[in-house]
Each structure stands twice: as structure tokens, then as C-alpha cells.
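Descriptive structure summary
Okay, here's what each chain looks like letter by letter:
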Amino acid sequence: MANSKELKLVNEIKDLLETVRIYINNDGGDIEFISFKNKILTLKILGACVGCPFINVTFDQGVKQIFLNEFKGKIKDVIFI
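Residues numbered from 1 in each chain as written. Predicted model: local features only at pLDDT ≥ 70, side-chain atom pairs only at ≥ 80, totals over all residues. Heavy atoms only, no water.

Section: the packing of aromatic side chains
Counted under the stated rule, the structure contains two aromatic pairs. Ring centres of Phe59 and Phe80 lie 5.0 Å apart, and the angle between their planes is 65°; this geometry places the pair in the edge-to-face category. Here Phe80 lies in strand 3 (residues 77–80) and Phe59 lies in helix 2 (residues 55–70), a separation of 21 residues in the sequence. Between the aromatic rings of Phe67 and Phe71, the centroid separation amounts to 6.4 Å while the plane-to-plane angle is 20°, which identifies the pairing as stacked. (Phe/Tyr/Trp six-rings, centres within 6.5 Å; stacked < 30°, edge-to-face > 60°. Helix = DSSP H or I, 4+ residues; strand = E, 2+ residues; numbered from the N terminus.)

Written out as C-alpha cells, the structure is:
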């Protein structure tokens, strides 16, 4: 079971995700929280983002970097499925 510190971090991650989703939704895509385990954040890509030719730029160089910078030392990696 997660402790209160971990739950607080997950809630902070979800709050930031809601902010990021606004921009992703504007282009017809979406992104969903899947899990956060062992400092690895897993997010699911949905909607127009699936198959988009700009997916690497948007997610690897954009979304991933936002989370790594915002939660420096607390998130080791962000995986997109």
C-alpha cells in the first residue's frame, strides 16, 4: 500500500497531467494516467495522438520533459503506451 507521501506525489502528477491534457485535447488527442511505480510514470496516448507523425516531438520532447523537470529526482522516466 502506498504511503501518504507517495499518494501526495501521485495526486500532484495527476494535477499536472490535467493541465497538460488541455493542450493535447486542443489537437484532438488525449493522455491518461496509467501508473506510477518505482519512479516510472506510465501514460497512455489516446485520440488523434495515436499514429500522429509528431508524436515523438510532442511526447518525448514535450510532455516527458515537463514531468521530468517538474518532479526532478522523483520521476526517473515517463513511458507512453
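Examining unusual backbone geometry
The phi torsion at Asn38 lies on the positive side, around 55°, for a residue other than glycine. Of note, Asn38 is situated in the loop between strand 1 (29–37) and strand 2 (40–47). By relative accessible area, Asn38 is classed as exposed at 68%. Positive phi values are uncommon outside glycine, yet Lys39 reaches one of about 65°. Positionally, Lys39 belongs in the loop between strand 1 and strand 2. (Buried < 20%, exposed > 50% of the residue type's maximum accessible area, 1.4 Å probe, protein only.)

Structural notes on the nonpolar core
By size, the foremost hydrophobic cluster in this structure holds 22 residues, and its most contacted members are Ile13, Leu41, Leu43, Val63, Phe67 and Ile75. When contributions to this core are tallied by element, the ones reaching two or more residues are helix 1 (4–26), strand 1, strand 2, helix 2 and strand 3. Considering every element that reaches this core, the biggest residue donor is helix 1, with seven residues. Once residues lying within four places of it in the same chain are set aside, the contact partners of Ile75 are Ile13, Phe36, Lys39, Leu41, Phe67 and Leu68. (Core = buried A, V, L, I, M, F, W, Y, C linked by side-chain atoms within 4.5 Å. Contact = heavy atoms within 4.5 Å.)

Some points on the pattern of salt bridges
Under the counting rule described, the total for this entry stands at four salt bridges. Where Asp30 meets Arg21, a salt bridge forms, and the shortest distance between an N and an O atom there is 2.7 Å. Note that Asp77 is salt-bridged to Lys64, the shortest N-O span being 2.9 Å. Placement of the pair is Asp77 in strand 3 and Lys64 in helix 2, with a sequence separation of 13 residues. Several salt bridges converge on common partners, so that one network encompasses Glu18, Arg21 and Asp30. (Salt bridge = Lys/Arg side-chain N within 4 Å of Asp/Glu carboxyl O.)

Quick word on the layout of surface pockets
Unfilled space is identified by rolling a water-sized probe across the atoms. In this model, the largest pocket occupies a volume close to 310 Å³. Around the largest pocket, the lining is made up of 14 residues, and of these Lys5, Glu6, Leu7, Leu9 and Phe36 lie nearest the centre. For the lining of the largest pocket, the elements supplying multiple residues, two or more each, are helix 1 and strand 1. Considering each element in turn, the lining of the largest pocket owes the most residues, seven residues, to helix 1. When grouped by side-chain class, the residues that make up the lining of the largest pocket number five nonpolar, two polar and seven charged. (1 Å grid on protein atoms, 1.4 Å probe; cavity = no way out; pocket = protein on both sides within 12 Å on 5 of 7 lines; lining within 4 Å. Points joined across faces, edges and corners; volume = space filled by probe spheres on them. Nonpolar A, V, L, I, M, F, W, Y, C, P; charged D, E, K, R; others polar.)

Keep in mind these numbers describe shape, not what the thing actually does.
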